[in-house]
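# Descriptive structure summary
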Amino acid sequence: QSIPQLLQTLLSPLLASLNGGVQMYQQNIRQSRHNNSISNEVGNSGDSGNIDDDACHYFSRVIQAVGFTTKTFPPNLSMNVREMYRLVLESSLKILSVYPTHSILRSQIIFLYHRMVSCLNKHLIPYLPITLPPLIQTLNSNNAVETFQLGKGFSNYLKHFLCYKI
């Protein structure tokens, strides 16, 4: 099989999880907890964890898995593969917009972007207008170093981005 077909096989369920989004995940967790509480009426209480925190951890693992898939692909990826990664970037940004201050989720998204710099190279330039603003808007003293390190990875492309925007 070709790389795009293999990548589609790897990314399809991960992208579906990201695209399913926060509401679907939260609904599934609530239903699962409801079912557990009914079955545990004998004396055990259901899981009382925070649904938002559980969602962030879940999406962090999905984004991390996507990042790991990038380690096997060369930087000269076909347009089909670049498009799949663009969809992943956009989906991860939607999730970041819901949970802008969750540090573990943000760290995994930044990890994914570092991998995208390696994979997409100059093809990352059109995605910078999409990827940079949410990271900059959620910048704070706790995540500044990590964000600036990502900016350093983008630095070779930032001059192109600025020309691209003008």
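Not measured: the values here are computed from a predicted model.

So, how was this worked out
Residues numbered from 1 in each chain as written. Predicted model: local features only at pLDDT ≥ 70, side-chain atom pairs only at ≥ 80, totals over all residues. Heavy atoms only, no water. Helix = DSSP H or I, 4+ residues; strand = E, 2+ residues; numbered from the N terminus. Buried < 20%, exposed > 50% of the residue type's maximum accessible area, 1.4 Å probe, protein only. Contact = heavy atoms within 4.5 Å. Areas by Shrake-Rupley, 256 points an atom, 1.4 Å probe, with all protein chains shown as cover. Arc of directions from axis to C-beta. Expected span 1.5 Å × (residues − 1). Salt bridge = Lys/Arg side-chain N within 4 Å of Asp/Glu carboxyl O. Core = buried A, V, L, I, M, F, W, Y, C linked by side-chain atoms within 4.5 Å. Phe/Tyr/Trp six-rings, centres within 6.5 Å; stacked < 30°, edge-to-face > 60°. pLDDT = per-residue confidence, 0-100.

Here the focus is the overall build of the protein chain. A tally of regular secondary structure across the protein chain gives 6 helices and 0 strands. Its helices and strands taken in sequence order, the protein chain reads α-α-α-α-α-α from the N to the C terminus. Across the 166 residues in the protein chain, those meeting the buried criterion constitute 40%. Across the protein chain, contacts joining residues at least 24 apart in sequence account for 79% of those joining residues at least 6 apart. Total accessible area computed for the protein chain in this model is approximately 9400 Å², and 55% of it derives from carbon and sulfur atoms.

Every buried residue of helix H5 (residues 128-137) is accounted for by Leu-128, Thr-131, Leu-132 and Leu-135. Buried positions in H5, seen along its axis, are confined to an arc of 90 degrees and lie on one side of it.

With that settled, consider helix H3 (residues 79-98). Turn by turn, an α-helix covers 3.6 residues, leaving residues three or four places apart pointing in a common direction. An ideal rise of 1.5 Å per residue puts 28 Å on 20 residues; H3 measures up with 29 Å between its terminal C-alpha atoms. What H3 keeps buried is the set Val-81, Arg-82, Met-84, Tyr-85, Arg-86, Val-88, Leu-89, Ser-91, Ser-92, Leu-93, Ile-95 and Leu-96.

Applying the stated criterion to the full structure yields 2 salt bridges. Its salt-bridge partner being Arg-86, residue Glu-90 comes within 2.5 Å of it at the nearest N-O pair. Note that Glu-90 and Arg-86 are positioned in helix H3 at a spacing of 4 residues, about one turn of the helix. Since its relative accessible area comes to 24%, Glu-90 is described here as partly exposed. Connected via shared salt-bridge partners are Glu-83, Arg-86 and Glu-90.

So, on to the nonpolar core. Ranked by size, the top nonpolar core spans 37 residues in total, and within it Tyr-85 and Leu-105 carry the most contacts. Secondary structure elements with two or more residues in this core: helix H1 (3-39), helix H2 (51-69), H3, helix H4 (103-120) and H5. Sort the elements by how many residues they give to this core and H4 lands first, with 9 residues.

Enumeration over the complete set of coordinates arrives at 2 aromatic pairs. Ring geometry for Tyr-58 and Phe-59: centres 5.3 Å apart, planes at 70 degrees, overall edge-to-face. Centroid distance Phe-68 to Phe-111: 5.6 Å. Interplanar angle 70 degrees. Geometry classified as edge-to-face. With Phe-68 in helix H2 and Phe-111 in helix H4, this residue pair connects regions lying 43 residues apart in the sequence.

Attention shifts here to the environment of Asp-53. Locating Asp-53 in the fold gives a position in helix H2. The spacing of Asp-53 and His-102 is 49 residues in sequence and 8.1 Å in space, taken between C-alpha atoms.

Let's shift gears to the confidence of the model for the protein chain. Across the protein chain, pLDDT averages 76, with 75% of residues at or above 70. Across the protein chain, the element-wise mean pLDDT spans from 67 in helix H6 (residues 144-165) up to 87 in H2. Scored below 50 in pLDDT, residues 42-48 makes 4 contacts in the model with residues more than four places away or belonging to other chains.

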